[in-house]
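Fold and contact review
The primary structure of each chain is shown beneath.
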Amino acid sequence: MIHPIQKTINGFANSNFVKKHINECIENPDFLTKTLLVTSISKDVFAYALRVRNTLKNDEIPDDKKSFVAKMDAATGITTAVVQFGTGLLIANQKIQKAICKTLFSQITDERKFKQASEGFRSVSTLIGATLIAKRVIVPLIASPIAGYYEKKKNQTGNLE
Amino acid sequence: MKINSLNGSINFKGGTGLSKGFRYALGEGFAKIDQIGEGTNIALDFIGKAVIVPAVILAVSKEDKEKKEYSALKNPVAATIQLLMEVPILMACSKFIEKLANSGALDPQTGIKHYNESEAKKLFLHFTERASKNDKTFEEKSKELITRLDKEGLTKKLKEDFKILIKNLKNPTDKKLLGSALEGYNHTKKMLFHLQNRISFIAALALTPVLCMAEDFIFPKIMNLIIKKPQEPVKKERPITLEKYINLIRQGGVK
């Protein structure tokens, strides 16, 4: 008898969607880069969604603050996703990549090798741009002052009430 | 940087300032990049949390030195815990899928085999052996490449080396069959690699709640081990009041 896990994996692996998706990843390096960008971002989005859910369920947080904390988590999650995706797409842009690779790999005269180097650079630079620069430098620099502003505003409103 | 308004192309003027040798080596290095997947994502996320975040905190944060150092240290610790949980999931999942695929369990009994890398390798080796019988030069050179294949697997560089060798085969039938077998082997290997990555991603996503709980449980324990608990602030004696002074005198005097 086939184990249910094996049956599920088999069905997944042989579905038309997955086969088409994997073939596209092999044939099209641009598609692969964007797929990895999406998987990386979706992990963050899922983790933030989980945080929002946990905050809303946490009885130790007072009700009036609960909604604010959850909204801040949701806003940070959305900011992280949007900034990462935007940075990734910007770096992966054909024209920008072409210009950088032309300068960076000017010493590679073999056309095939130049193409391979450009494809490798495109994937790595896009992921570095989104995962390292956007997520770890740009997002905290944007999110911290915004969070500070809203916290201050919330405290002021709270005091008035 | 100059943007051409006619065709929209971008030109970087003045070069990169990097030496020719370095640019050549850089190009060679990027050309060798082959399998980018979830492993790359995990590694970059780790570097971001363990290196970039502390650097940003130390450079930008306006908090006092002690708080800044604590914030800078907690990120590499959290990143290491995350890495120690994510890597085994990726490895175990990949190994499990590889085993299933190489046993033929993920492919139909008849028809095209998409994921059985072991079978594709066997077929390629069979045609290599066949071509070796007809071509002595090929036999000698292919032996060395097969030793590398057993050691490293089918890397991008090795595939290129095999291609060059096959191109020089004298027998056209061997050339055609071996060329197709090599392409098939490479394609199957890539299909399996991407399947492993997608399933590992789904597994990591499904396990996120458990991973978060485990991280929340382990993290404070490790931080307590690394960092000495801040000393309790010394309680300042309240300035002595006249009333207290009189009471103390009544009780036996002030020391």
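Above this note sits the structure.
In short, a report on the structure. What you are looking at is a predicted structure, and each value in this text was computed from that prediction instead of being measured.

Below, the discussion takes up the packing of aromatic side chains. Counted by the stated rule, this structure contains six aromatic pairs over all chains. Pairing Phe124(B) with Phe162(B) gives two aromatic rings, centres 4.9 Å apart and planes at 90°, and the pair type is edge-to-face. Residue Phe124(B) is found in helix α4 (residues 117-134), and its partner Phe162(B) is found in helix α6 (residues 156-167); the two are separated by 38 residues along the sequence. Just as Phe124(B) is buried, Phe162(B) falls in that class too. Arranged with centres 5.9 Å apart and planes meeting at 35°, the rings of Phe124(B) and Tyr185(B) form a pair that is tilted. Here the residue Phe124(B) occupies a position in helix α4, and Tyr185(B) occupies one in helix α7 (residues 172-206), the gap between them amounting to 61 residues. Taken together, the ring pairs connect Phe105(A), Phe114(A), Phe121(A) and Phe30(B) into an aromatic cluster. If you follow Lys221(B) out to its NZ or CZ, it ends over the ring of Phe217(B), 4.0 Å from the centre.

With that out of the way, let us pick up the packing of helix α3 (residues 29-57) of chain A against helix α8 (residues 208-226) of chain B. At a minimum axis separation of 10 Å, α3(A) and α8(B) run at an interaxial angle of 65°. By the criterion of interaxial angle, the relationship of α3(A) to α8(B) is roughly perpendicular. The two elements α3(A) and α8(B) meet at a crossing, and its hand is right-handed. Of the residues in α8(B), those in contact with Phe46(A), Ala47(A) and Leu50(A) of α3(A) are Thr208(B), Pro209(B) and Cys212(B). Its residues placed into classes, the contact of α3(A) with α8(B) shows five nonpolar, one polar and no charged.

Rules of the game
- Residues numbered from 1 in each chain as written.
- Chains lettered and ligands numbered in written order.
- Predicted model: local features only at pLDDT ≥ 70, side-chain atom pairs only at ≥ 80, totals over all residues.
- Heavy atoms only, no water.
- Phe/Tyr/Trp six-rings, centres within 6.5 Å; stacked < 30°, edge-to-face > 60°.
- Helix = DSSP H or I, 4+ residues; strand = E, 2+ residues; numbered from the N terminus.
- Buried < 20%, exposed > 50% of the residue type's maximum accessible area, 1.4 Å probe, protein only.
- Lys NZ or Arg CZ within 6 Å of the ring centre and 35° of its normal.
- Axes fitted to C-alpha atoms, helices over the stretch in contact; angles between N-to-C directions.
- Parallel < 35°, antiparallel > 145°, perpendicular 65-115°, else oblique.
- Left-handed = near helix turned anticlockwise from the far one by under 90°.
- Contact = heavy atoms within 4.5 Å.
- Nonpolar A, V, L, I, M, F, W, Y, C, P; charged D, E, K, R; others polar.

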